[in-house]
Amino acid sequence: MNIRQIEAKIISNQKLNGNYGHLEFESGIIAKQAQPGQFVNIRVVDTLDPLLRRPISIHGVSGSKVKIIYEIIGKGTQILSARKPGEFLDILGPLGNGFDYLRLAKTAQRKNILIAGGMGVAPLVFLAEKLKLSKPMILIGARTKKQLLCLQEFKALGCVVKVATDDGSSGFKGRVTDLLNVVLSQTKVAHLFSCGPGPMLKAVSQVAQENKIIAQLSLEAHMACGVGACLGCEVLTKNGYKSVCKDGPVFFSEELTW
Ligand SMILES: Cc1cc2nc3c(=O)[nH]c(=O)nc-3n(C[C@H](O)[C@H](O)[C@H](O)COP(=O)(O)OP(=O)(O)OC[C@H]3O[C@@H](n4cnc5c(N)ncnc54)[C@H](O)[C@@H]3O)c2cc1C
Ligand code: FES
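Below: a short report on this structure. Keep in mind the model is a prediction, meaning the values are calculated, not measured.

What to know about the state of the cysteines
Considering all chains together, one arrives at zero disulfides under this definition. No disulfide involves Cys195; its sulfur sits 11 Å from the nearest other cysteine sulfur, which is in Cys150. Owing to a relative accessible area of 8%, Cys195 belongs among the buried residues under this scheme.

What follows is the structure, encoded as structure tokens:
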């Protein structure tokens, strides 16, 4: 792995609807190496508070530009949202092991299905771009319509887009994994790729096991170093403890113990 620590110039930082932001920074090196499912670890400000970097998925690359999207949750993402174009961010990346998709990119007879919960859409847009020849299907789950992100980006990539909202304000009413079960009863599926909250990933894992489908899941964990040095993000797998930041964040579902 060829991790870089760079001072990256912010090209744009725009507020999206609701509490979300879209930021682009300049880094030809990260853009060239980045793979879907990898992330960057960002020092949002040069002062000592907040000290820890914030892990954010790579949402896409375009030439030497790297794109991220973020939800404003607490202090770190609040500060990030106030950073201006022309300023510099201290960034480590690209980090982690992303989705293993290369063998599958040309699979046409069976659908590749991407399942996102909330901000889990962030790395899946990048993955959909790599898989676009196979016209993947994306299932997006959110609490309510206002929290659905990236629909147009997936459509522009030729994906079949289906949504599930807890309150029924858009698409299927219920959990995205219930929608997944409906889709599986109607579609021949090649492979599942998922990113989102832990309980959703656990449910995707169960569905994959019941239907004997391979699933790759991108886990979230609180992180410090982001490079496998502090043991702060360990997860127990069938092959012992692994660090989410270095061995993951993407794991095959059959490797995980819940
Ligand atoms: C591999 C990976 C990729 C991620 N990709 C994205 C993304 O593309 N877009 C996005 O909006 N968010 C993403 N997250 C979650 C993001 O890192 C947190 O929302 C963010 O760190 C919150 O920081 P804060 O200071 O605003 O919140 P605070 O709650 O003030 O943060 C306090 C501490 O908790 C950590 N923390 C809080 N929430 C999370 C969380 N959900 N996951 C991990 N650490 C957390 C922070 O890093 C910080 O160290 C990702 C997390 C991981 C592990
Ligand atoms: S965050 Fe330090 S080992 Fe993963």
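Considerations on the sheet that holds strand S8 (residues 111–117)
Here we have seven strands laid out as an open sheet, ordered S11-S10-S9-S8-S12-S13-S16, and mixed in their pairing. The open sheet has two edge strands, strand S11 (172–173) and strand S16 (250–252), and neither has a second partner. Sheet topology places strand S9 (residues 137–142) next to strand S10 (residues 160–165); six bridges connect them, and they run parallel. Bridge pairing links Met137 to Val160 in S10. Most of the contacts of helix H3 (residues 121–130) go to S8, to which it runs at about 160 degrees, and overall it touches S8, S9 and strand S12 (189–195). Relative to the sheet, helix H6 (residues 198–211) contacts S8, S12 and strand S13 (214–218), its axis offset from that of S12 by approximately 165 degrees.

Regarding the side chain of Glu24
Looking at where Glu24 falls in the secondary structure, it is placed in strand S2 (residues 20–26). No salt bridge forms around the buried Glu24; measuring N to O, its nearest opposite-charge neighbour Lys65 is 4.0 Å away. Setting aside residues no more than four positions away along its own chain, Glu24 makes contact with Lys9, Ile10, Ile11, Ser12, Lys65, Val66 and Lys67.

Looking at the environment of Ile91
With respect to the element layout, Ile91 can be found in strand S7 (residues 88–95). Once the C-alpha coordinates of Ile91 and Val40 are considered, the two residues, 51 residues apart in sequence, prove to be 6.5 Å apart. Once residues lying within four places of it in the same chain are set aside, the contact partners of Ile91 are Arg4, Gln5, Ile6, Ala8, Phe25, Ile30, Val40, Asn41, Ile42 and Arg53.

About the criteria used
- Residues numbered from 1 in each chain as written.
- Chains lettered and ligands numbered in written order.
- Predicted model: local features only at pLDDT ≥ 70, side-chain atom pairs only at ≥ 80, totals over all residues.
- Heavy atoms only, no water.
- Disulfide = S-S within 2.5 Å.
- Buried < 20%, exposed > 50% of the residue type's maximum accessible area, 1.4 Å probe, protein only.
- Pairing = 2+ DSSP bridges.
- Helix = DSSP H or I, 4+ residues; strand = E, 2+ residues; numbered from the N terminus.
- Contact = heavy atoms within 4.5 Å.
- Axes fitted to C-alpha atoms, helices over the stretch in contact; angles between N-to-C directions.
- Lys, Arg positive; Asp, Glu negative; His and termini not counted.
- Salt bridge = Lys/Arg side-chain N within 4 Å of Asp/Glu carboxyl O.

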